[in-house]
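# Structure assessment
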Amino acid sequence: MELTWKEYGGTSGVHAREGKLLWWSRPGGLNRRFGEVARSQTFEDLRKNGPAVYAPPEFIEQPGTNLG
């Protein structure tokens, strides 16, 4: 599973691999790779506390994502 969305002129997203979620953000612009960030989260933590970072509600509630 992988979801992406436009955010602040760049791209953000989340993907599930190896039993965890990886939330990531890549700013727009020429030197965007220098501003890339990522944060992992377990599915248990997601169910208990919600997303580790901002994510648009329409992505979290999307059927089949197991995020909502």
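Anyway, here's the lowdown on the structure attached to this text. All values reported here derive from a predicted model rather than from experimental measurement.

### Focus: the overall build of the protein chain
Counting its secondary structure elements, the protein chain contains two helices and four strands. Start at the N end of the protein chain and walk to the C end: the helices and strands fall as β-β-β-β-α-α. Expressed as a percentage of its 68 residues, the buried residues of the protein chain come to 29%. In the protein chain, the share of contacts with a sequence separation of at least 24, taken over all contacts with a separation of at least 6, comes to 23%. For the protein chain, the computed accessible surface area is about 4,900 Å², with 49% contributed by carbon and sulfur atoms.

### Here we look at the sheet that holds strand S2 (residues 10-17)
Across the sheet, four strands lie side by side as S1-S2-S3-S4; this open sheet has antiparallel pairing. The sheet is open, and its two edges are formed by strand S1 (2-7) and strand S4 (37-42), each paired on a single side. Between one strand and the next, the sheet's axes are offset by a mean angle of 15°, whatever the strand orientation. Examined bridge by bridge, S2 and strand S3 (residues 20-26) share seven bridges and lie antiparallel to one another. Residue pairing for S3: arginine 17 is matched across the bridge by lysine 20.

### Looking at unusual backbone geometry
Phi is mostly negative for residues that are not glycine, and the peptide bonds are mostly trans. Here the phi dihedral of glutamate 18 falls at roughly 55°; this positive angle occurs in a residue that is not glycine. Within the secondary structure, glutamate 18 is located in the loop between S2 and S3. We classify glutamate 18 as exposed; its relative accessible area is 84%.

### A word on the side chain of glutamine 41
Among the structural elements, glutamine 41 can be located in strand S4. You can call glutamine 41 buried: its relative accessible area is 4%. Of note is the side chain of glutamine 41, whose polar atom sits 2.8 Å from the backbone oxygen of glycine 50. Once you skip the residues sitting within four places of it in the chain, glutamine 41 turns out to touch Lys20, Leu21, Trp23, Leu46, Gly50, Pro51 and Ala52.

Analysis parameters
- Residues numbered from 1 in each chain as written.
- Predicted model: local features only at pLDDT ≥ 70, side-chain atom pairs only at ≥ 80, totals over all residues.
- Heavy atoms only, no water.
- Helix = DSSP H or I, 4+ residues; strand = E, 2+ residues; numbered from the N terminus.
- Buried < 20%, exposed > 50% of the residue type's maximum accessible area, 1.4 Å probe, protein only.
- Contact = heavy atoms within 4.5 Å.
- Areas by Shrake-Rupley, 256 points an atom, 1.4 Å probe, with all protein chains shown as cover.
- Pairing = 2+ DSSP bridges.
- Axes fitted to C-alpha atoms, helices over the stretch in contact; angles between N-to-C directions.
- Polar contact = N/O pair within 3.5 Å; in protein donor to acceptor, adjacent residues only side chain to side chain.

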